[in-house]
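# Topology and contacts: notes
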Amino acid sequence: MSDRADTANVIIRPPIAWALAVLAGFALQWAVSLPFLPASLPAGWVGGIVFVLALALVAWAIATITKAGSNVPTSMPTTTIVQEGPYRFTRNPIYLGMFFGLVALAIAFDSLWLIGTLVPFALVIRYGVVAREETYLERTFGDAYRHYRARVRRWL
């Protein structure tokens, strides 16, 4: 019996994908600076506030899924469909928090490159992670997951 059968078998762990997107954005910004915000905008403060909100969303989602007794890492089996906390509004609050965190860093560091890395990051998460998780959850939980999916949007 393989552990692979009891996980979503995602193509990359989401925190690693996020870190790679951030590192690529900073490397590109270092090589060729591409600011995109007006100089009058307090970008550091605005980006910092958005980052704290994104981090709060991720922390709330992790606390909720842990309290429900399921696993957060994609390399471990999902034991239940979590429908409380942020999971009442979005099926993917952790990934949504990661998206907002990347946008927050782009604002804070005034880097169009970081905004640019959002596109490949979003594609990897959507097709290499979320699509596989949805297939796994439907296979594992059947109608319970289908009803949840019909009630709660993937993103917002």
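Above this text is the structure in question.
Within each chain, residue numbers correspond to sequence positions counted from 1 in written order. The predicted origin of the model limits local features to residues at a pLDDT of at least 70 and limits the giving and counting of side-chain atom pairs to 80 or more, whereas totals for whole chains, interfaces and linings rest on all residues. Neither water nor hydrogens contribute to the side-chain values; these are computed over all heavy atoms in the structure.

## Notes on the overall build of the protein chain
When helices and strands are tallied, the protein chain shows five helices and zero strands. By definition, any uninterrupted DSSP run of H or I lasting at least four residues is a helix, any uninterrupted run of E lasting at least two residues is a strand, and each is numbered from the N terminus. Counting from the amino terminus, helix and strand elements in the protein chain follow one another as α-α-α-α-α. Projected onto its principal axes, the C-alpha positions of the protein chain cover 55 × 30 × 25 Å. Within the protein chain, buried positions represent 37% of all 156 residues. Exposure was quantified through the Shrake-Rupley algorithm and a 1.4 Å probe, taking into account, for residues, occlusion by the shown protein chains and nothing else. Put simply, the protein chain shows about 8900 Å² of open surface, and 69% of that area lies on carbon and sulfur atoms. Averaging the coordinates of the 13 positive side-chain charges in the protein chain and doing the same for the 8 negative ones gives two points 3 Å apart. Relative accessible area decides the class of each residue, using a 1.4 Å probe on protein chains only: under 20% of the type maximum gives buried, over 50% gives exposed, and in between gives partly exposed. In summary, the charge assignment counts Lys and Arg as positive and Asp and Glu as negative, without counting His or the chain termini. To locate a charge, take NZ of a lysine, CZ of an arginine, CG of an aspartate or CD of a glutamate.

## What about the environment of Ser75?
Among the structural elements, Ser75 can be located in the loop between α2 (43-67) and α3 (93-108). We classify Ser75 as partly exposed; its relative accessible area is 47%. Distance in space between the C-alpha atoms of Ser75 and Ala8 is 7.5 Å, their sequence separation being 67 residues.

## What about the layout of surface pockets?
Two kinds of site are reported from a 1 Å grid over the protein atoms alone, namely cavities, where a 1.4 Å probe fits but cannot get out, and pockets, open sets with protein on both sides within 12 Å along at least five of seven lines, and residues are called lining when an atom falls within 4 Å of a point. Grid points are joined across faces, edges and corners, and a volume is the space filled by probe spheres set on the points. Of the volumes computed, that of the largest pocket is approximately 550 Å³. When contributions to the lining of the largest pocket are tallied by element, the ones reaching two or more residues are α1 (14-31), α2, α3, α4 (112-141) and α5 (143-151). Considering each element in turn, the lining of the largest pocket owes the most residues, five residues, to α4. Three classes are used, and their members are as follows: Ala, Val, Leu, Ile, Met, Phe, Trp, Tyr, Cys and Pro are nonpolar, Asp, Glu, Lys and Arg are charged, and the others, Gly among them, are polar. Of the residues belonging to the lining of the largest pocket, the class tally is 20 nonpolar, six polar and four charged.

## Concerning a nonpolar patch on the surface
Among the surface-exposed residues, Val32, Leu34, Phe36 and Leu112 lie close enough to one another that they form a single nonpolar patch of about 300 Å² accessible area. Tracing the chain through its elements places Val32 in the loop between α1 and α2. Classification of Val32 by relative accessible area gives partly exposed; the value is 46%. Within this analysis, patches are made of residues with over 30% relative accessible area and no salt bridge. Like charges are joined at 9 Å or less; nonpolar side chains (Val, Leu, Ile, Met, Phe, Trp, Tyr) at 5 Å or less. By salt bridge we mean one thing: a side-chain nitrogen of Lys or Arg within 4 Å of a carboxyl oxygen of Asp or Glu.

## Re the packing of α4 against α5
Following both chains from N to C, one finds α4 and α5 inclined at 130°, their axes separated by 6 Å at the closest point. As summarised for this structure, α4 and α5 are arranged oblique, according to the angle between their axes. Two secondary-structure elements touch here, α4 through Glu134, Leu137, Glu138 and Phe141 and α5 through Asp143, Ala144, Tyr145, Arg146 and Arg149. Angular values range over 0 to 180 degrees, each being the angle between N-to-C directions of two axes fitted as lines to C-alpha atoms, with helices fitted over their stretch in contact. By definition in this entry, angles of less than 35 degrees are roughly parallel, angles greater than 145 are roughly antiparallel, angles of 65 to 115 are roughly perpendicular, and the rest are oblique. Whether two residues are in contact is decided by their heavy atoms: any pair within 4.5 Å suffices.

## Side note on the packing of aromatic side chains
Side-chain rings of Phe, Tyr and Trp (the six-membered ring for Trp) are treated as a pair once their centres are within 6.5 Å; stacked means planes under 30 degrees apart, edge-to-face means over 60, and tilted covers the remaining angles. Taken as a whole and assessed by the stated rule, the structure comprises four aromatic pairs. Ring centres of Phe26 and Phe109 lie 5.0 Å apart, and the angle between their planes is 90°; this geometry places the pair in the edge-to-face category. Residue Phe26 is found in helix α1, and its partner Phe109 is found in the loop between α3 and α4; the two are separated by 83 residues along the sequence. Classification of Phe26 by relative accessible area gives partly exposed; the value is 29%. By relative accessible area, which is 48% here, Phe109 ends up partly exposed. Ring centres of Phe99 and Phe121 lie 5.4 Å apart, and the angle between their planes is 80°; on these two criteria the pair is classed as edge-to-face.

## Side note on unusual backbone geometry
With phi around 55°, Asn9 is a residue other than glycine that occupies positive phi space. Note that Asn9 resides in the segment before α1. On the basis of relative accessibility, which here comes to 27%, the residue Asn9 falls in the partly exposed class. Phi is positive for Asp110, close to 45°, though the residue is something other than glycine. For Asp110, the position within the fold is in the loop between α3 and α4.

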